[in-house]
Amino acid sequence: MTKKFFAELIGTMVLVLMGCGAAVSLGCTSNDPALASTVVGTALAFGLSVVAMAYTIGGISGCHINPAITLGVWMSGRMSAKEAGVYMVAQVIGAIIGAAVLYLCTSTSGDAVVGTGANACQPGVSVVGGLVAEIVFRLDHGKDGSDHDRVDSLDQIQKKQIADHVAVIGGQ
């Protein structure tokens, strides 16, 4: 269990550091159509981080690197509550470490780096609308497009997660 804990911790740290790091360094915004490439660059950073971690830690822990994925796997009966709790604690700690490293890397940059990689709702979308979209997208993780409610592999969950994030962040 210790190996899985550290795999999830490191995987989530890398996801936060690389994905949010790209958002910060690119000044990610979709409010200005001239800066649309910043959204694409950030989405690619998140997606490539997930792929890199899937190859790196996938064989150890399944590479959930997101408490929402772990919750879905637990709810589908594919892992025990104890193991899900351990994964989630590791993921939160990993995210905090990744954010702290990113902060340390950017805090001395002055005005050169603006923002902290935090996403905002698209213009015209309220906070409640954004929350509803996130909840609906998360509930759909267990569907694979067929008549089966269970997903055959974690790879399908990760692909769905990437597609959801690109859609939400990109304002599609």
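Keep in mind that this is a model prediction, so the values were computed, not measured. (Residues numbered from 1 in each chain as written. Predicted model: local features only at pLDDT ≥ 70, side-chain atom pairs only at ≥ 80, totals over all residues. Heavy atoms only, no water.)

Student: Before we move on, could you go through the nonpolar core and cite the residues and values that matter?
Tutor: Residues A7, M13, V14, L15, V50, M53, I57, C63 and I65 constitute the largest nonpolar core, which totals nine residues. Here this core gets four residues from one element, more than from any other, and that element is helix α1 (residues 2-26). When neighbours within four sequence positions are excluded, A7 is seen to be in contact with I57, I60 and S61. (Core = buried A, V, L, I, M, F, W, Y, C linked by side-chain atoms within 4.5 Å. Buried < 20%, exposed > 50% of the residue type's maximum accessible area, 1.4 Å probe, protein only. Helix = DSSP H or I, 4+ residues; strand = E, 2+ residues; numbered from the N terminus. Contact = heavy atoms within 4.5 Å.)

Student: Could you give an account of unusual backbone geometry, with specific residues and numbers?
Tutor: Although it is not a glycine, C63 adopts a positive phi angle of roughly 55°. Note that C63 resides in the loop between α2 (36-61) and α3 (67-75). The phi dihedral of I65 is positive, around 40°, even though this residue is not glycine. Along the chain, I65 turns up in the loop between α2 and α3.

Student: Can you break down the packing of α1 against α2 residue by residue, with the values?
Tutor: Orientation of α1 relative to α2, taken along the N-to-C sense of each, is 170°, at an axis distance of 9 Å. In this view, α1 runs roughly antiparallel relative to α2, as classed from their interaxial angle. Regarding α1 and α2, the two cross each other, and that crossing is right-handed. Grouping the constituent residues of the contact of α1 with α2 by class yields 15 nonpolar, seven polar and three charged. (Axes fitted to C-alpha atoms, helices over the stretch in contact; angles between N-to-C directions. Parallel < 35°, antiparallel > 145°, perpendicular 65-115°, else oblique. Left-handed = near helix turned anticlockwise from the far one by under 90°. Nonpolar A, V, L, I, M, F, W, Y, C, P; charged D, E, K, R; others polar.)

Student: Requested: an account of a nonpolar patch on the surface, with residues and values cited.
Tutor: On the surface, a cluster of nonpolar side chains totalling about 260 Å² of accessible area is made up of V89, I93, I97 and V101. Mapping V101 onto the fold places it in helix α4 (residues 81-106). V101 sits in the partly exposed class, given a relative accessible area of 30%. (Patch = residues over 30% accessible without salt bridge, like charges linked within 9 Å, V, L, I, M, F, W, Y side chains within 5 Å. Areas by Shrake-Rupley, 256 points an atom, 1.4 Å probe, with all protein chains shown as cover. Salt bridge = Lys/Arg side-chain N within 4 Å of Asp/Glu carboxyl O.)

Student: Run through the packing of aromatic side chains, naming residues and quoting values.
Tutor: Remark: the centre distance and the inter-plane angle together describe each pair of aromatic rings, the angle taken between the planes. On inspection of all chains with the given rule, the structure shows one aromatic pair. Taking 5.3 Å as the distance between ring centres and 90° as the angle between the ring planes, the aromatic pair formed by F5 and F6 counts as edge-to-face. In this structure F6 comes out as partly exposed when scored by relative accessible area, which is 43%. (Phe/Tyr/Trp six-rings, centres within 6.5 Å; stacked < 30°, edge-to-face > 60°.)

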